[in-house]
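# Working through the structure, step by step
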Amino acid sequence: MAETLLRLRVDSASGAPVLSLADFLASDNAAAVRIEPGEDARALLPHLSRLALVEVSFPAYGDGRGYSSARILREHGYKGELRAVGDVLLDQLSHMKRCGFDGFAPAKPIAPEAAQQAFATWPDVYQKTVDGRSPIWAKRHGL
């Protein structure tokens, strides 16, 4: 796992043990889970209130299924830490943030300064986001 944990949150990182989705669903008191590609994030929807951390695995940079998992969780009201783990690259950080990720554990460490620059690279967006930014077309039309 990465030496560097990048977080956009001001609260402390969860120290809860991270369980697989199957183990989490079999437990009634776990607070942290990891979703692997191909697993349905919607299985967590009844449990959002007890979750402090959801890790979403990116085993390869080209596997984008984790973006959908993040968006599903955020659109259904998940407020805890949503952490991208694995093959997370600098160029993906701003896009991951747009989908709702606020924690990153890249397999290869990313310098915090480089991460901050990546987050600031595209201040305007064209599509709806879950990070609270209005699309540029909405700004243009005063929406």
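The structure contained in this document is the topic of the report that follows. The structure presented is a predicted model; accordingly, all values stated were derived computationally and were not measured.

Reading the values: the criteria
- Residues numbered from 1 in each chain as written.
- Predicted model: local features only at pLDDT ≥ 70, side-chain atom pairs only at ≥ 80, totals over all residues.
- Heavy atoms only, no water.
- Pairing = 2+ DSSP bridges.
- Helix = DSSP H or I, 4+ residues; strand = E, 2+ residues; numbered from the N terminus.
- Core = buried A, V, L, I, M, F, W, Y, C linked by side-chain atoms within 4.5 Å.
- Buried < 20%, exposed > 50% of the residue type's maximum accessible area, 1.4 Å probe, protein only.
- Contact = heavy atoms within 4.5 Å.

### Some thoughts on the sheet that holds strand β2 (residues 19-20)
In space, the six strands of this open sheet follow the order β1-β6-β5-β4-β3-β2, with mixed pairing throughout. Sheet topology places β1 (6-7) and β2 at the edges, where each strand pairs with a single neighbour. Where β2 meets strand β3 (residues 32-35), two bridges bridge the pair, whose relative direction is parallel. Looking at β3, one finds that Ser20 is bridged to Arg34.

### Brief notes about the nonpolar core
Ranked by size, the top nonpolar core spans 28 residues in total, and within it Leu44, Val54, Leu73, Phe101 and Phe104 carry the most contacts. Elements supplying a minimum of two residues to this core: α1 (21-26), β3, β4 (53-58), α2 (65-75), β5 (81-86), α3 (93-99) and α4 (112-120). Excluding anything up to four places from it in sequence, Leu44 contacts Leu21, Phe24, Val33, Ile35, Leu51, Val54 and Leu73.

All we've got here are geometric facts, nothing functional implied.
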